[in-house]
Amino acid sequence: IGRKSFDFDYDLDDPRVYETINKSTLGIFQLEGKGASEYTKKLQPKKFNDIIADLALVRPGAQDSGDADEFLEVRFNGKPIEYDHELLEPILSETNGCILYQEQAMEISRVLSGFTDVEADILRKGIAKKLDYIFTEYKPKFIDGAANNGVDKDIAEKIWNRIEKSSSYSFNKSHSVGYSLVTYQTAYLKTYYPMEYYTAMLNN
């Protein structure tokens with residue numbers, strides 16, 4: 001049986017859809033698992049960019065690095081955003097000073113340590129796969145490059161450790177955006193077509 005798709009005509013920041021998400025994530029793509037559901041309740045997304053961040057924040061990288069908790073502290077408890085170095089502010093300001101996306105880790109390596117685009121991409125892939133040569137070859141290159149850029153070596157080491165933890169399993173932003181669109185679509189259907197949506201869930 002073929003599957004028929006259709007175009008949605010909706011506002012990505014529809015308040016009713018976010019009421020649905022914050023009431024219960026049951027049946028909502030990427031958010032209904034236990035860990036994702038619990039974190040979403042804490043985050044209380046109110047707009048589409050919140051969903052994009054949410055999907056990155058529930059990944060092990062953000063959870064293990066402490067960035068998921070840090071994001072909430074800044075958002076809800078008024079904690080000032082702290083940057084390990086001033087060069088990080090333009091890169092991390094949109095995510096409350098946290099490293100959520102692979103693109104951010106790549107940009108840090110370029111801006112802080114002078115990596116080329118190719119080197120930054122190798123770093124991204126290598127850390128995610130925990131390849132030995134990344135830590136024997138690229139880590140010293142990152143630290144030395146940052147030092148040549150006037151960054152204290154201890155600070156550079158701290159930033160490297162943050163990248164390493166966050167990259168253990170993180171999204172690139174385009175991936176998070178694509179998933180978030182499906183997340184929103186399922187929440188939209190649950191909001192405006194609940195009978196049809198739950199029937200489809202039960203049948204599948």
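Up top is the structure these notes are about.
Residues numbered from 1 in each chain as written. Predicted model: local features only at pLDDT ≥ 70, side-chain atom pairs only at ≥ 80, totals over all residues. Heavy atoms only, no water.

**Section: a nonpolar patch on the surface**
Rule in force here: What goes into a patch is any residue over 30% in relative accessible area without a salt bridge, connected to like charges within 9 Å or, for nonpolar side chains (Val, Leu, Ile, Met, Phe, Trp, Tyr), within 5 Å. The Shrake-Rupley method, run with a 1.4 Å probe sphere, supplies the accessible areas, and residue values consider only the shown protein chains as cover. Any carboxyl oxygen of Asp or Glu that lies within 4 Å of a side-chain nitrogen of Lys or Arg is treated as forming a salt bridge with it. In DSSP terms, a helix is any run of H or I states spanning at least four residues, a strand is any run of E spanning at least two, and both are numbered starting from the N terminus.
On the surface, Leu 26, Tyr 198 and Met 201 cluster together to form a nonpolar patch covering roughly 250 Å² of accessible area. With respect to the helices and strands, the residue Leu 26 is situated in the loop between α1 (15–23) and α2 (34–43).

**As for the nonpolar core**
Quick note on the threshold: By convention a nonpolar core is built from buried Ala, Val, Leu, Ile, Met, Phe, Trp, Tyr and Cys residues, the set being connected through side-chain atoms within 4.5 Å. Using a 1.4 Å probe on the protein chains alone, a residue whose accessible area is under 20% of its type maximum counts as buried, one over 50% counts as exposed, and one in between counts as partly exposed. By definition, residues are in contact when any of their heavy atoms lie within 4.5 Å.
Ranked by size, the top nonpolar core spans 27 residues in total, and within it Ile 21, Tyr 39, Ile 51, Leu 57, Phe 71, Leu 100 and Tyr 184 carry the most contacts. Put simply, the parts of the chain that give this core at least two residues each are α1, α2, α3 (48–57), α5 (67–77) and α11 (173–192). Every residue in contact with Tyr 184, bar those within four places of it in the chain, is listed here: Tyr 10, Asp 11, Leu 12, Asp 13, Asp 14, Val 17, Tyr 18, Phe 48 and Ile 51. Leu 92, Ile 108, Ala 146 and Trp 160 belong to the second-largest nonpolar core, a separate cluster that totals 20 residues.

**Digging into the environment of Pro 45**
Its place among the elements puts Pro 45 in the loop between α2 and α3. The exposure class assigned to Pro 45 is buried, which follows from its relative accessible area of 0%. Separated by 26 residues in the primary sequence, Pro 45 and Glu 19 have C-alpha atoms spaced 9.0 Å apart. Among all residues touching Pro 45, those that are not within four sequence positions of it are Tyr 18, Ile 21, Asn 22, Thr 40, Asp 50, Ile 51 and Asp 54.

Purely geometric stuff here, so don't read any function into it on its own.
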